[in-house]
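The primary structure of each chain is shown beneath.
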Amino acid sequence: MTLHKPKILVTRRLPASIEARMATLFETDVNEGDVALTSEDILAGLAGKDVLVSTITDRIDADLIRRLPPSVRLIAQFGNGVDNIDLEAAWAAGLTVTNTPSVLTEDTADMATALMLSLPRRLVEGTQMLLRDRQWAGWSPTSMLGHRLRGKALGIVGMGRIGTAVAQRARAFGLNIHYFSRQQRPLAVETPLGATYWDDLDAMLGEVDIVSLHTPLTRDTHHILSAERLDRMKPGSYVVNVSRPELLDETALIERLESGRLAGAALDVFENRPDINPRLLALAEANRVVLTAHMASATLEARVEMGEAVIVNIRAFMDGHQPPHRLLPDRPLPRTARA
Ligand SMILES: O=CC(=O)O
């Protein structure tokens, strides 16, 4: 049992209800500025604290971990992905690390599905025509023709919680589900989805019309959609990425979109954010890609539930219990700690 209120540093603003609850439960310092803190700012803010509440915009690398004040024993990440944290270094330093999985699964899957629909059905283009170009194409037998989703094949890379939720939605749209994953999912998962498991990603890529990435960024998955693999995709197919930008070779993707080899891409994450590659912006102008601003899990509901999960993790840990979302070294490690 803790005798004092846990002292926590929160590196970004959180929904008001979560900040209010944290203020009653903990001695809370919030980064009011709400821009990503530097390592030095994080370290200065952590003096005398018990817990670092980090988010995916913080770079928690081995150097920062080595320099943490000894009072800090928990990194309670507000987020599902933890590729911004050097987990090996954290564990080696005896720290506990938690995240907030599950609560953003459905919202992220909704967004991936919306992006998947937006490409062949020219949703953004239709809006642009009315709004930017003030043009009315109107109904005609030949105007604004897209492509039907039903009957096409979707290849999901990473059939975890989010990948499975995407498959459920895609199934309702009549897509045939294929997936590549570290492990084959049980029949109880596969059968209702009519899902086909591939243990060879290269082979799957040649069979599907849309590839959607839903794997965490680890040492093994960095550029899992490499230039060579993009070349294995069917001509005229689509890429959807709401996961992490480093899962694909962005330059190689751009080249294949520019050449017309691939029909389109819908991206929520970008290698050089916030400076999005101008070639991607030009492709967006030409309605070849749909770009959103890392907002796949951005619903108020998800953010509040993520905040609640952080609170539960902190309280359990500080009371000497196992936090429900403790990360343990039983999964592939993130590739790097990155901003
Ligand atoms: O990208 C969002 C997350 O990992 O929570």
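Structural data are supplied above this passage.
Residues numbered from 1 in each chain as written. Predicted model: local features only at pLDDT ≥ 70, side-chain atom pairs only at ≥ 80, totals over all residues. Heavy atoms only, no water.

A. Region of interest: the pattern of salt bridges. In the structure shown here, the tally under the stated rule is 22 salt bridges. Its salt-bridge partner being Asp63, residue Arg66 comes within 2.4 Å of it at the nearest N-O pair. Here the residue Arg66 and the residue Asp63 both occupy positions in helix α3 (residues 62–66), the gap between them amounting to three residues, near one helical turn. Residue Asp231 pairs with Arg256 through a salt bridge whose shortest N-O separation is 2.7 Å. Of this pair, Asp231 sits in helix α10 (residues 227–232) while Arg256 sits in helix α11 (residues 250–258); the two residues are 25 residues apart in sequence, bridging distant segments of the chain. Judged by its relative accessible area of 40%, Asp231 is partly exposed. Among the charged side chains, a network of salt bridges with common partners joins Glu40, Asp63, Arg66 and Arg67. (Salt bridge = Lys/Arg side-chain N within 4 Å of Asp/Glu carboxyl O. Helix = DSSP H or I, 4+ residues; strand = E, 2+ residues; numbered from the N terminus. Buried < 20%, exposed > 50% of the residue type's maximum accessible area, 1.4 Å probe, protein only.)

B. Broad picture of the site of the ligand. Around the ligand sit Ile56, Gly79, Asn80, Gly81, Leu104, Arg244 and His294, and that is every residue in its neighbourhood. Contacts to the ligand include His294, whose side-chain N or O atom sits 2.9 Å from an oxygen atom. Taken by itself the ligand offers 200 Å² of open surface, and the protein chains cover 87% of this. Classifying every residue of the shell around the ligand by side-chain character gives two nonpolar, four polar and one charged. (Near = heavy atom within 4 Å. Polar contact = N/O pair within 3.5 Å; in protein donor to acceptor, adjacent residues only side chain to side chain. Areas by Shrake-Rupley, 256 points an atom, 1.4 Å probe, with all protein chains shown as cover. Nonpolar A, V, L, I, M, F, W, Y, C, P; charged D, E, K, R; others polar.)

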